[in-house]
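Examination of the molecular architecture
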Amino acid sequence: MKHLVLVFAFLSVVANGQTNAFEHKFEITSQYCGGATPTEEVVLASNHKLKPFANKTIYMYKKGKCVDSLITDSLGWARKRIKSGKYDLFLAYKHFKKVPFGSESEFDMECMKKEWMKPNGTLKISWKGTHFIDRGISYKFCPWQYNCLKERHIPEKQN
């Protein structure tokens, strides 16, 4: 019986310490943000143009605490061995509790406190495989589309 307990304890330690390889190419999809009415070709081209999410850090949280990070290379690839588990992914501005652009005076800071708590993605790693859910890491927003802005300066359409 004593040996059986030791075997189960050993297997538990091995299973909790297991790491899996994670490899993902992060790319950014952008959209047309100009004020002049674009041609149909410009809209289609901007909506389908992918750029690498190059040389960026994505912070990995588990149970509300930052436990690791993913760093993309110049082509947008992130490669790392990660312990099994579920991780919430946050972009740098949320990790450092900053605004995504401009100054704090342009944002409702009470609203931003709630926004900082929302992950930009989720990563689940287990012996069954890897499951990645992207909630905005791969999307470049126009400046007026960010949550918590006090004023939205949407460019007027020009014909």
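The sections below set out a description of the structure shown in this document.

Conventions and cut-offs
- All chains use their own residue numbering, which begins from 1 and follows the written sequence.
- Under the rules for a predicted model, residues below a pLDDT of 70 receive no local features and side-chain atom pairs below 80 are neither given nor counted, while totals for whole chains, interfaces and linings still include all residues.
- Note: side-chain values were computed over all heavy atoms of the structure, leaving out hydrogens and water.
- The disulfide criterion used throughout: a pair of cysteine sulfur atoms within 2.5 Å.
- The numbering of helices and of strands both runs from the N terminus, where a helix is a DSSP run of H or I of at least 4 residues and a strand a run of E of at least 2.
- Only protein chains enter the accessibility calculation, which uses a 1.4 Å probe. A residue is then buried if its area is under 20% of the maximum for its type, exposed if over 50%, and partly exposed in between.
- Whether two residues are in contact is decided by their heavy atoms: any pair within 4.5 Å suffices.
- Paired strands, in this sense, are two strands between which DSSP finds at least two bridges.
- Axis definition: a line fitted to C-alpha atoms, over the contacting stretch in the case of helices. Angles run 0 to 180 degrees between N-to-C directions.

1. Let's talk about the state of the cysteines
A full pass over the atoms with the stated rule returns 1 disulfide. Disulfide pairing places Cys111 opposite Cys148 at an S-S distance of 2.0 Å. Between Cys111 and Cys148 the disulfide shows an S-S torsion of about -70°. By sign, it is left-handed. Highlighted residues: Cys111 in helix 4 (residues 109–115) and Cys148 in the segment after strand 9 (129–134), separated in sequence by 37 residues.

2. Comments concerning the environment of Gln18
Position of Gln18 among the secondary structure elements: in the loop between helix 1 (2–16) and strand 1 (19–25). Using a relative accessible area of 31% as the deciding quantity, one classes Gln18 as partly exposed. Gln18 sits 109 residues away from Trp127 along the chain, and the two C-alpha atoms are 8.4 Å apart. Ignoring any residue separated from it by four or fewer positions in sequence, one finds Gln18 in contact with Ile82, Lys83, Ser84 and Trp127.

3. Considerations on the sheet that holds strand 8 (residues 121–126)
One open sheet holds the 5 strands; their spatial order is 5-4-7-8-9, and the pairing between them is antiparallel. This sheet does not close on itself; its edge strands, each paired only once, are strand 5 (65–71) and strand 9. Between one strand and the next, the sheet's axes are offset by a mean angle of 25°, whatever the strand orientation. In this sheet, strand 8 lies alongside strand 7 (residues 85–90) in antiparallel orientation, the contact comprising 5 bridges. The residue bridging Tyr87 from the neighbouring strand is Leu123, located in strand 8.

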